[in-house]
Every structure is written in structure tokens, then in C-alpha cells.
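Working through the structure, step by step
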Amino acid sequence: MRLIPIGVSGSFPGPATPASSYVVRVPAAEAAAAGHEARDWNILLDLGNGAFGALQRFMDPMELDAVSISHLHPDHCADLSGLYVYLRYHPERGSLRTGPRDTPLPVYGPSTAERHVALSYGLSEGESMDNDFDFRSWAEYPSVQVGPLTIEPHRVFHPVETYGVRVTGPSASGGTTTLAYTGDTDACPSVVELARDVDLLLSEAAFLEGRDDGVEPGIHLTGRRAGQVATDAGARRLLLTHLPVWNDPADSLAEARGSFAGPVDVAEPGTVYEL
């Protein structure tokens, strides 16, 4: 299983990276070894502002098998509009013509995702995205299977309906491996359970200790709190993401290393992390 960050900027795109978006991929050989169709399997975790353009440097969006949206703030879902246009109107493969997809693309997310995305795109009354997106509410699914990948949602602590996800799939060395992605959250029991014993915790760390102490609870983690989640959960590796442009990554790293003894890095867009 591979993790490929597409965008890692917090709250809005930065000059060097789009907002949150991550591909989780199982290469064909690993899928076949696990008893599934011998092809690359791809799921997308979030698709924030600017991420759809960058995504096309790493894969053909037609090859997505599912999309998971943590919540409906634009830095996590705004570019679903671009993906919809690609799926529907591509001159060779769009849904108005004969294309490779025989079913709409599953999009898992908050309960109001279908209406939110339709409004943000500007659909007229009576129109829908049903030919291209199959919206499904995370609240109705304890887990889903996408080829060799299992995705489990966990409701986390943010001002709007928000889900972190655990993704389990085959490892490069055989057996299975697990990734947890927090979405946006503050510290809470559910984010610790989300991260329990994972091989890699991909955690937001938008706030800094001291600077953001006056902000109300339930918004974001700091590097220190992300490190504490990793420690409490027994995670084996921590990867920080969702840093806004005004954060110095070295500060977030220092905070996390003060509360987590394992390997810690800041996610880099385009880097392939092998689990």
C-alpha cells in the first residue's frame, strides 16, 4: 500500500502545495497477491482547493475507485466540482459518451455532501450528479471494502460533521498494513481509537502551542497534541499535514517530537510513502 500526498496545505492552498488531498494506492502486484484483480487500486482521501490539477500529475482521475471526504470545508472538498466536470464531460471518456466507468464513482462523506457539492457546482433545480457520483453517507457505514482496501470511518472533533478514516490494505512485504488519516480534529477519544496501533498516522497539525491557545476547543491539533495522539494510540509512525502557510514546519516537528518517540516527518506533496 502506498500513500501519495497531493496537497498538504492547511485551510487554503499555499504557494507550493494545494490544500488537503491524498491518494492511497495498492499496486497491481500487491493486489493480485492479496487475491484481488491485478491492477492498481486507488482511493482518494479529500480533494481540497487546487488539488484536482495536481492529482492529474500522478494518475488519471478515471482510475479512481472511491473518494472519501472527511468534511465539507472547502480545503477538503472544493475540487469535487473539477472532478465532476472531468468525469462527465471528457470528450473521449465522459459519461455523455462511452467511457471506462460503468457505474458512478462512490463518494463517501458527511450526510449533506450531495447537496453541498451540487450547490457549490451550481446545478440547476432538478439536476443531479447521479450519473457520475454515487454519494454515500459515512454515518451509514461502519466500514467499506474497495478491492483490497478496507476503509473505516471515525467521527472526530471539529465544528462540522467530520470523519477520520482507517485504511487497511496489503503491505509490500506481505500481510496487511494500516493507515489512519485524521481529517480535521482536536484531541478526543475517537481520534485515539482511529489511530490505534496503525503503521502510519497521517495527522493534521494546524495549530501551535502557545500561539493558538485562545482558540475554542474542537478546531485543530497542534504538533504536540498530534504526537500525544500517536503515543496514546500506539501508532508506529507519524506524518504531520495540514500546516497553514504561516506555520514553520520545524516548529510543528519539534512539538510532535516532544510528545512522540517514534519517527515523525512533515508530509511532502508528491512523495510516495510505502507502508
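Now for a description of the structure that goes with this document. (Residues numbered from 1 in each chain as written. Predicted model: local features only at pLDDT ≥ 70, side-chain atom pairs only at ≥ 80, totals over all residues. Heavy atoms only, no water.)

Ring pairs (aromatic) are described by centroid distance and by the angle formed between their planes. This structure, assessed with the given rule, holds 8 aromatic pairs. Aromatic side chains Tyr22 and Tyr181 sit 5.0 Å apart centroid to centroid with 55° between the ring planes, which places their arrangement in the tilted category. With a gap of 159 residues between them, Tyr22 in strand 2 (residues 21–26) and Tyr181 in strand 10 (residues 176–181) connect regions that are remote in the sequence. Like Tyr22, the residue Tyr181 is buried in the burial classification. Centroid distance Tyr108 to Tyr141: 5.4 Å. Interplanar angle 90°. Geometry classified as edge-to-face. Of this pair, Tyr108 sits in strand 5 (residues 105–109) while Tyr141 sits in the loop between strand 6 (133–137) and strand 7 (144–146), placing them 33 residues apart in sequence. Judged by its relative accessible area of 27%, Tyr141 is partly exposed. Above the plane of the ring of Trp41 lies Arg39, whose end atom (NZ or CZ) is 3.6 Å from the centre. (Phe/Tyr/Trp six-rings, centres within 6.5 Å; stacked < 30°, edge-to-face > 60°. Helix = DSSP H or I, 4+ residues; strand = E, 2+ residues; numbered from the N terminus. Buried < 20%, exposed > 50% of the residue type's maximum accessible area, 1.4 Å probe, protein only. Lys NZ or Arg CZ within 6 Å of the ring centre and 35° of its normal.)

Taken in spatial order, the 7 strands line up as 7-8-9-10-11-12-13 in an open sheet, and their pairing is mixed. Looking at the sheet topology across the chains shown, the edges are occupied by strand 7 and strand 13 (264–266). Taking the axes of each pair of neighbouring strands and ignoring which way they run, one obtains an average angle of 20° across the sheet. Pairing between strand 10 and strand 11 (residues 200–204): 3 bridges, direction parallel. Opposite Ala180, over in strand 11, you have Leu201 as the bridge partner. Packing of helix 7 (residues 223–233) onto the sheet brings it into contact with strand 11 and strand 12 (238–241), and relative to strand 11 it is tilted by some 150°. Packed onto the sheet, helix 8 (residues 249–257) meets strand 12 and strand 13 and runs at close to 160° relative to strand 13. (Pairing = 2+ DSSP bridges. Axes fitted to C-alpha atoms, helices over the stretch in contact; angles between N-to-C directions. Contact = heavy atoms within 4.5 Å.)

Taken by themselves, the reported measurements are silent on function.
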